[in-house]
Each structure stands twice: as structure tokens, then as C-alpha cells.
There are 2 protein chains.
Amino acid sequence: MKPSPASAPSSSPAASLSPEQALARVRIVLSHPSHPGNIGAAARAMKTMGIAELVLVQPKRFPDDEATARAAGADDILAGAKICATLDEALGGAVFAVAVTARRRNLGPAPLAAREAVPQLLAAAADGPVAFVFGNETAGLANDEVQRCQCCLHIPSVPEFQSLNLGAAVQLVCYELRLAAFSGEPPVASPVVPFASAPATIEENEGFFAHLERVMIDTGFHDPRQPKRLLPKLRRLFGRAGLERDEINILRGILDAVERRIAR
Amino acid sequence: MKPSPASAPSSSPAASLSPEQALARVRIVLSHPSHPGNIGAAARAMKTMGIAELVLVQPKRFPDDEATARAAGADDILAGAKICATLDEALGGAVFAVAVTARRRNLGPAPLAAREAVPQLLAAAADGPVAFVFGNETAGLANDEVQRCQCCLHIPSVPEFQSLNLGAAVQLVCYELRLAAFSGEPPVASPVVPFASAPATIEENEGFFAHLERVMIDTGFHDPRQPKRLLPKLRRLFGRAGLERDEINILRGILDAVERRIAR
């Protein structure tokens, strides 16, 4: 079977979906999860990345206090989780299903690395829900479960130790989905503050360097007859920092205090 | 404020490090982790991505069966974990420290998104260990812990629900590091002049700040009873510069000269 993104619906309709809408069409399916803690961890992971649809195929124990504890506030995700008897039922209505698996399967599609595949998989969301299917913690997905999917996704890891925790794997896939949805520019919680105060003018910088030079001479650190590139080095240091007005005031205040102390 | 990786060492020395060697220089520091399960999860996450150096600052409970259980086979990582009393101790020998934080800090460096920053941060591994510092599960990193770091890393997430599980956050950062190390594309060369001398270690930076503080107190410029954010502002200034060993020597030489002059 060819890797599924090559046969995924064209990406152009997806351009009309906002990032949030695209993520809203992602369905996380956990097939036969053993540990309720991992279900909670998956819910938390989903919520941090703006993904909400959780479906569980024959969870061993759910609902469970451990799931609630590990969800750490993602109770809405747990509350909305659908419980199904079969994977077919869990994939109902989805237009595309992706098996997340470490192991290669003889008759399965070649697994694609998460980062490369996710943008194309997300494009499929233009046509409807796209499901990402995770298997049991120990056994992974059964072969027939993988066959039910159009594509295999692989999280690159150390070949000798590939087994990520289920909640961690869900976190990674949701993270890749979020970054793909926002094209590498997801919204940040607050605007970045470029400067705390205005950048210093050239005159202010020069005033500082002159003041610094005077103090270095007065304290005997700098001998103008043997400059040894001291001032160029200091200019380079402070040039890298890009001094702000407020910072020049602080540095010159220190120099003033030194001069007053010396003059006593 | 320019992001700190702009002052990271040029990427060319890093080209001589294999991906495995670069990852071997990554140090994961967990500061005051409350839950041993998260320590285990972090160890497992590290091992899947080929990272092995784990350091714990005052873990609430460790060693612990819960850590072992959640490590799911990453026992070697747990066994090799170093336990420290302070963050300073945990950062000993590292050339660069990165604070992983969701919250903006007023005087901390502007947080960089993980994917963009990691390749340049990994380039710093050419000079020695690069530490990634994660805070307590509930409180995150204390402000003074963030100040100890040269850079802030941010995992993009939903603004209203930013709190990733600690083990999941470690998994994401280690995943980004692994992908960057194996990308085959060298980290983007910084537009800033590369280091002329070796970057100062964290201990050297801290020695300078302590020395500067003493001189500011001795000259009457700084009153520790009314700190007025003076030291955080100075840390931010010099953090932007990314001090080199040679520059620390110059600055401390100036401070020595001031102290000698005062003492006359």
C-alpha cells in the first residue's frame, strides 16, 4: 500500500480551515489502553495543543481516578471521550486514519516520520475528521488494526529503545499537529516585549564608554599608553548586548558611585 | 532584546560532533520535581531520544518505586542521575543553560519557541554540556532559577491551557534535540560575530555577578535592603551579551582595580 498522504485529498480546501478548525477535526483514538493514567495523560496532552476529540476502544479501566488525576485539569476532554467496542466504530465518520506505530509491519504501509507526514495528514482534515490511532502500551497495535488505517506514522527514536510512553507519544503527535496547523507560528500567550526601555542613542552609548574609560584610568586598570585593545573589546561586549537607556543609567550610576567613593 | 542563541558559538565547531556526540552533551535538569513518576517518565523520554545525563535538584522523593515503574526500562538513566542541593551545583561545568518555561518573566530573556531555538542551542554543545532546566510541576521555575539561565525555551501550546506534564515536556524537548542533531542540516549560523574566546562557563558568570554585587554594595550604589530589581536587570543585560571568558576577566579586572583603589 502506498503511503497514504500521496492519496490524501488535495490540500487546497484545507486552506479555508483556520488552524483551530483543522485541529478540531483531529481525533485521537487509543486502542485497548491498559493504564488509566495514560488516558489522563493523553487528555492533558491533547488539551495543551488544542485538540479535543478522544475516543477509547475497550479501555481496560475507564473512567478512573487515576485518569482524572493525570488529566490535571483536562476533565472536559475525559468527559467528552467516546468509548467504543471496536476500532471500526471508533473510526466511524473519519475520512482518514493514521496508525502510530514504532514497529514496522510486513504488510503495513511504510511508516512516515511524524514531522514530514503531519502537514499532509492535517490537509486531509478539509474533508472531515482525521484519526490518529495509538495501540496498547505493551503490544502496540494489532496487525489488523494497522491494516484498517491508510497510513503509518513513526516517531523517530533510538532504535534500541523505541518505546515511548503512550501519553508522551500522544503529546508529540499533538504537538506536531499544532505546529503544522499554525505553520510554525502558533499564537503565544502574550506579546513579546522587545525592549524594556528605549534603546540608548549613540550619544548615550558614547557618554557611557567615555565615563567607563575615565574610571578605568582613575583606578589604574587602564593605561592609555598601553591600550591593549581594551576599549574595542568592551565596545564589542556592550555592542552585543545592545544597551537600553535604562541600562546606561544603571551602568553610569555604578561608575558615579565608584568615583564618589574614590574621591573620599 | 536579542535572543540568546544569537550569541551562541558559531556552528562550525559543532559540525565536528556526530549527532550522538552532540546529544551526549545534553544535560536534563529537573529542579524540585514533586512526583517521582515524572522523574521516571523523564528518564524514559530521554532514553528514547538518545539523551542520558539527568540531574535532579532537591527531588521530593527519589529514588522511588514510582520512578522506576514509569521509567519502563530506562533504569540506567535513573541510576546515573545526579542529585544536587542547588541549581548552581546542577549546572556545574555546563557552558549554556536553557530555562524551559511556559510563563513569561518580566526580566527574563524573551522565550524562544523550541523548534526554532534548539538547533542553535545544540550548536553550543561544541563547547561543552548544554543544560535544559525544567521546574517544579506546579510552580515551574523560580525567577532566580530563570535568571541563572542564558535563554528561555517555550513549548508552543494553547494560551489558556499551557501546563504540560513534566515528563511530556522533557519528551518534547528531547525529541526536538534529536531531530535537530540528526537533521543533516547544520544549525543556522548566527548573524552575530562568533565567539572570539571561549564562552564563559556558568560558574564564571556567577563569579562575575557576585563580584559586581560586592563592588556595588561597597561603593554604596546598591542597597541589598532595597534591591529594586538591580541585579536581575544587570543579569539581563549581560545575558544578552553572552559573556566570553576573556570578557569576564576584563570586567573582573576592572572590579579588582576599583576595590584596590577603594582600599587605599
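Look above for the structure.
Predicted model, so just to flag it, every value in this text is computed and none were measured.

### Concerning the overall build of chain A
Working step 1: The secondary structure content of chain A amounts to 11 helices and 7 strands.
Working step 2: Relative to its full complement of 264 residues, chain A shows a buried share of 52%.
Working step 3: Here the analysis covers contacts within chain A between residues at least 6 apart in sequence; of these, 83% occur between residues at least 24 apart.
Working step 4: When the accessible area of chain A is evaluated, it comes to approximately 11900 Å², of which 54% is carbon and sulfur surface.

### What to know about the sheet that holds strand β2 (residues 53-57) of chain B
All names here are of chain B.
Working step 1: Here 7 strands make up an open sheet; going across it, the order is β3-β2-β1-β6-β4-β7-β5 and the pairing parallel. Strands with a single pairing partner mark the edges of an open sheet, and in this sheet they are β3 (82-84) and β5 (111-113). The mean inter-strand angle of the sheet, taken between neighbouring strand axes irrespective of direction, is 30°.
Working step 2: Here β2 pairs with β3 via 3 bridges, running parallel. In the strand pairing of β3, Leu 56 is matched with Ile 83.
Working step 3: Across the sheet, helix α8 (residues 166-181) is in contact with β1 (26-31), β4 (96-100), β6 (130-134) and β7 (151-154); its angle to β6 comes to roughly 155°.

### Remarks on the interface of chain A and chain B
Working step 1: Taken together, the contact pairs 67 residues of chain A with 64 residues of chain B.
Working step 2: Both faces combined, the contact of chain A with chain B buries some 5600 Å², and carbon together with sulfur accounts for 63% of it.
Working step 3: In terms of surface lost to chain B, no three residues of chain A exceed Arg 44, Phe 161 and Arg 240 of chain A, which account for 13% of the buried area on that side.
Working step 4: Between chain A and chain B we count 6 salt bridges in total.
Working step 5: Where chain A packs against chain B, one counts 16 residue pairs in polar contact (both at pLDDT 80 or more).
Working step 6: The greatest single-element share of the side of chain A that touches chain B, amounting to 10 residues, is contributed by helix α11 (residues 245-263) of chain A.
Working step 7: Per-class residue counts for the side of chain A that touches chain B are 39 nonpolar, 14 polar and 14 charged.

What counts, and where the lines are drawn
Residues numbered from 1 in each chain as written. Chains lettered and ligands numbered in written order. Predicted model: local features only at pLDDT ≥ 70, side-chain atom pairs only at ≥ 80, totals over all residues. Heavy atoms only, no water. Helix = DSSP H or I, 4+ residues; strand = E, 2+ residues; numbered from the N terminus. Buried < 20%, exposed > 50% of the residue type's maximum accessible area, 1.4 Å probe, protein only. Contact = heavy atoms within 4.5 Å. Areas by Shrake-Rupley, 256 points an atom, 1.4 Å probe, with all protein chains shown as cover. Pairing = 2+ DSSP bridges. Axes fitted to C-alpha atoms, helices over the stretch in contact; angles between N-to-C directions. Buried area = accessible area lost by both parts, 1.4 Å probe. Salt bridge = Lys/Arg side-chain N within 4 Å of Asp/Glu carboxyl O. Polar contact = N/O pair within 3.5 Å; in protein donor to acceptor, adjacent residues only side chain to side chain. Nonpolar A, V, L, I, M, F, W, Y, C, P; charged D, E, K, R; others polar.

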